[in-house]
Amino acid sequence: MEKTFRDRPDNIDETGVRKWLKVRQPQGKWYRRRTLVSTLLLFFFILAPIVTINGHPFMRLDVLNRQFYLFGQIVYSQDTNIMALVMASVVVFIVLFTAVFGRIWCGWACPHTVFMEGLYRRIEYLFHGNYRNKEREVSLPMRILKYALYYIVTLFFTNVFILWFTGLDYLLEIWNSPIEEYWQVYGAMFAVSIFYFWIYAYLREGVCTMFCPYGRMQGVLLDKKSITVAYDYKRGEPRGSKEAGDCINCGACIKVCPTGIDIKNGSQLECVNCTSCIDECNSVMTRIGKPENLIRFTSQYQLETGKSSIKNYRTLGYVLVLSALLITLIIAISKRTEVDTSLLRMPGTLYQEVSADTLSNMYQLKIINKTPEFKDIEIKLLEPEEGSFFLSDHPVELKASNNFSGIIIIKLAKSAIVKRSTKVKIGAFENGKMIDSASASFVGPNQKK
Ligand code: SF4
Ligand code: SF4
């Protein structure tokens with residue numbers, strides 16, 4: 001029985017053996033745009049942990065010290081609200097963006113595609129030619145040189161990857177120290193570089209077609225209105241001759257496809273929306289004197305109805321949700337405090353009679369130091385002013401990135417309690433300046449009218 005594109009990926013033959021794809025180098029405006037984007041992203045990857053703003057890296061993941069640098073601001077692992085907002089924004093961005101614009105991420109910004117198409121494929125073209133005409137014969141020494149180049153590039157980017165966690169100074173210190181002193185780091189560096197070498201020298205498109213979980217989610221993320229790279233079957237069919245539809249079935253769009261698929265079969269899981277087939281088909285159309293964009297960015301809905309699928313309330317709603325999240329994130333980062341104070345009434349306790357005219361409540365006080373500095377924190381009762389408190393470890397001494405947890409007893413005169421529940425507020429002060437505050441309720445007896 002003849003194989004269809006649904007039976008198996010195009011890079012696997014009928015016996016289950018991998019077919020090595022010799023992907024023709026595309027030429028055209030989309031390829032030039034993609035080259036520009038991948039070059040910018042590669043520079044961003046290298047420079048983001050090196051460039052500093054106010055003495056802080058623009059971006060860095062300092063996992064050892066449980067702190068992260070985002071746009072030059074320090075965010076600590078204790079900043080749970082900010083971390084949650086960052087994660088929510090990323091998830092919402094990926095999900096919403098995919099629903100509206102399809103897999104643009106895959107073809108344009110995914111690190112695997114950026115490295116594969118922006119670097120390794122170009123090294124391949126250097127040695128083998130661009131597969132447009134006859135494949136260049138490559139001798140064994142040249143093959144070894146090609147793989148050596150692959151490995152050097154991999155090793156360089158493995159170090160850039162480590163840089164995101166260590167920072168430049170620490171990485172330079174590692175490089176300038178004897179190997180035995182940092183053998184674990186060198187061991188990890190070697191293991192990671194070999195793994196990535198295997199991915200880019202051997203696995204290649206298999207990452208997208210077989211392993212990528214994001215690719216697997218397309219079935220639920222995309223719908224008929226999602227914009228994807230699509231073949232205009234209404235214009236192209238029946239294909240095969242200049243007199244019929246516009247598609248002459250030349251197969252050029254398959255030859256440039258990095259995953260080896262035929263876009264004329266419709267939207268497929270293996271398509272990473274790289275746009276190579278758009279460029280290639282456009283050159284064919286120009287050669288045969290037909291209008292460009294037989295393959296283009298469009299949606300199934302638009303192909304069927306001719307109506308735009310982007311200007312609608314769904315897109316507007318998605319944009320609003322994402323904008324709200326990003327604005328909240330910016331506000332949260334700009335308003336983050338150096339310490340995080342919380343005051344919680346001890347569960348299961350009521351008020352205690354301290355004396356004939358004074359009541360007390362017991363609370364759990366938690367203070368999180370979110371800075372890399374020592375903090376000497378004085379607690380003051382702000383509301384009601386006439387109250388007092390007892391805290392055995394006072395003032396609170398907090399080491400860098402450390403937490404304090406203790407019992408605080410707040411006492412109020414009965415005359416100050418006018419309701420069953422009275423608001424109490426404490427302030428955390430450093431050098432006389434309030435750096436955070438927390439509130440809770442003070443429970444007293446039922447008030448008789
Ligand atoms: S490149 Fe264009 S004309 Fe050629 S087979 Fe693909 S869609 Fe048809
Ligand atoms: S079908 Fe076209 S857009 Fe999709 S991966 Fe292949 S070349 Fe890229």
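What you see is a predicted model, and the numbers here were worked out from it, not measured in a lab.

Asks: Go over the overall build of the protein with me, naming the residues and quoting the values.
Replies: On a plain count of helices and strands, the protein comes out with 15 helices and 16 strands. Its C-alpha atoms give the protein a radius of gyration of 31 Å, more than 25% over the compact-globule value 22 Å for 449 residues. Structurally, the protein occupies a C-alpha span of about 100 × 65 × 40 Å along its principal axes. Sorting the 449 residues of the protein into buried and exposed places 43% on the buried side. A separation threshold of at least 6 residues defines the contact pool for the protein, and within that pool the share at least 24 residues apart is 66%. Total accessible area on the protein is roughly 24400 Å²; 62% of this is exposed by carbon and sulfur atoms. Distance between charge centroids for the protein: 8 Å, based on 54 positive and 41 negative side chains.

Asks: So what's going on with the sheet that holds strand 11 (residues 375-383)? Which residues, and what values?
Replies: One open sheet holds the four strands; their spatial order is 13-11-15-16, and the pairing between them is antiparallel. Lying at the two open borders of the sheet, with one neighbouring strand each, are strand 13 (396-398) and strand 16 (433-443). Each strand of the sheet is rotated relative to its neighbour by a mean of 30°, with strand direction disregarded. As judged from the five bridges shared by strand 11 and strand 15 (residues 421-430), these two strands associate in the antiparallel manner. Its bridge partner being in strand 15, E378 is matched across the sheet by F429.

Asks: A description of the domain arrangement of the protein should follow, citing residues and the corresponding values.
Replies: Looking at the protein, the domain boundaries give domain 1 (1-137 + 205-336) and domain 2 (339-443). The gap between the C-alpha centroids of domain 1 and domain 2 is 53 Å. Taken together, the contacts link six residues of domain 1 with eight residues of domain 2. The tally of links from domain 1 across to domain 2 stands at zero salt bridges. At the junction of domain 1 with domain 2, the criterion picks out zero residue pairs in polar contact (both at pLDDT 80 or more). Of the residues that constitute the side of domain 1 that touches domain 2, the class distribution is one nonpolar, two polar and three charged.

Reading the values: the criteria
Residues numbered from 1 in each chain as written. Chains lettered and ligands numbered in written order. Predicted model: local features only at pLDDT ≥ 70, side-chain atom pairs only at ≥ 80, totals over all residues. Heavy atoms only, no water. Helix = DSSP H or I, 4+ residues; strand = E, 2+ residues; numbered from the N terminus. Rg over C-alpha atoms; globule rule 2.2 N^0.38 Å. Buried < 20%, exposed > 50% of the residue type's maximum accessible area, 1.4 Å probe, protein only. Contact = heavy atoms within 4.5 Å. Areas by Shrake-Rupley, 256 points an atom, 1.4 Å probe, with all protein chains shown as cover. Lys, Arg positive; Asp, Glu negative; His and termini not counted. Charge placed at Lys NZ, Arg CZ, Asp CG, Glu CD. Pairing = 2+ DSSP bridges. Axes fitted to C-alpha atoms, helices over the stretch in contact; angles between N-to-C directions. Domains from an automatic or database assignment. Salt bridge = Lys/Arg side-chain N within 4 Å of Asp/Glu carboxyl O. Polar contact = N/O pair within 3.5 Å; in protein donor to acceptor, adjacent residues only side chain to side chain. Nonpolar A, V, L, I, M, F, W, Y, C, P; charged D, E, K, R; others polar.

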